[in-house]
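Architecture and fold: a report
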Amino acid sequence: MINWSNIKDFNKSKNTDLVNSINEQKLEQKKVVVLFEEKMKIFATERSIESSLDILNISIQLANIRGNLIRSFEQYVRNLEEEILKLNRIIEKNSKKS
């Protein structure tokens, strides 16, 4: 049986920073989505160049935020995969000892 208490924290500081970054990006995304919805209502009534440019700018911001979120989640998944591989090695090592 594996003593899980002996396993080091899962890159605690690195992942804490990554999780904080993801949470900040998600919060920013929510704000931008609300702004997008408001500006879309304005665009739907006005149909002006200014309102269409506002929507375009907000769409670009939203795309950038989502791109950053995707990269952050990909990094988080890679970190988890590394930890799973480490744990599997520990399990294999301990099962060979038994």
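As a starting point, this report considers the structure included with it.

Definitions and cut-offs
Residues numbered from 1 in each chain as written. Predicted model: local features only at pLDDT ≥ 70, side-chain atom pairs only at ≥ 80, totals over all residues. Heavy atoms only, no water. Salt bridge = Lys/Arg side-chain N within 4 Å of Asp/Glu carboxyl O. Helix = DSSP H or I, 4+ residues; strand = E, 2+ residues; numbered from the N terminus. Buried < 20%, exposed > 50% of the residue type's maximum accessible area, 1.4 Å probe, protein only. Contact = heavy atoms within 4.5 Å.

Before going further, it helps to spend a moment on the pattern of salt bridges. Counted by the stated rule, this structure contains 2 salt bridges. With a closest N to O distance of 3.7 Å, Asp-54 and Lys-39 form a salt bridge. With Asp-54 in helix H2 (residues 49-97) and Lys-39 in helix H1 (residues 12-46), this pair connects stretches of sequence that are 15 residues apart. Take Lys-39: its relative accessible area is 25%, and that puts it in the partly exposed class. A salt bridge links Glu-83 to Lys-86; the nearest nitrogen and oxygen atoms lie 3.3 Å apart. Placement of both Glu-83 and Lys-86 in helix H2 is noted, with a separation of 3 residues, approximately one turn of the helix. Residue Glu-83 is classed as buried on the basis of its relative accessible area of 12%. Overall, the relative accessible area of 37% leaves Lys-86 in the partly exposed class.

Sequence-wise, Lys-39 and Ser-52 are 13 residues apart; in three dimensions their C-alpha atoms are separated by 8.7 Å. Excluding anything up to four places from it in sequence, Lys-39 contacts Asp-54, Ile-55 and Ile-58.

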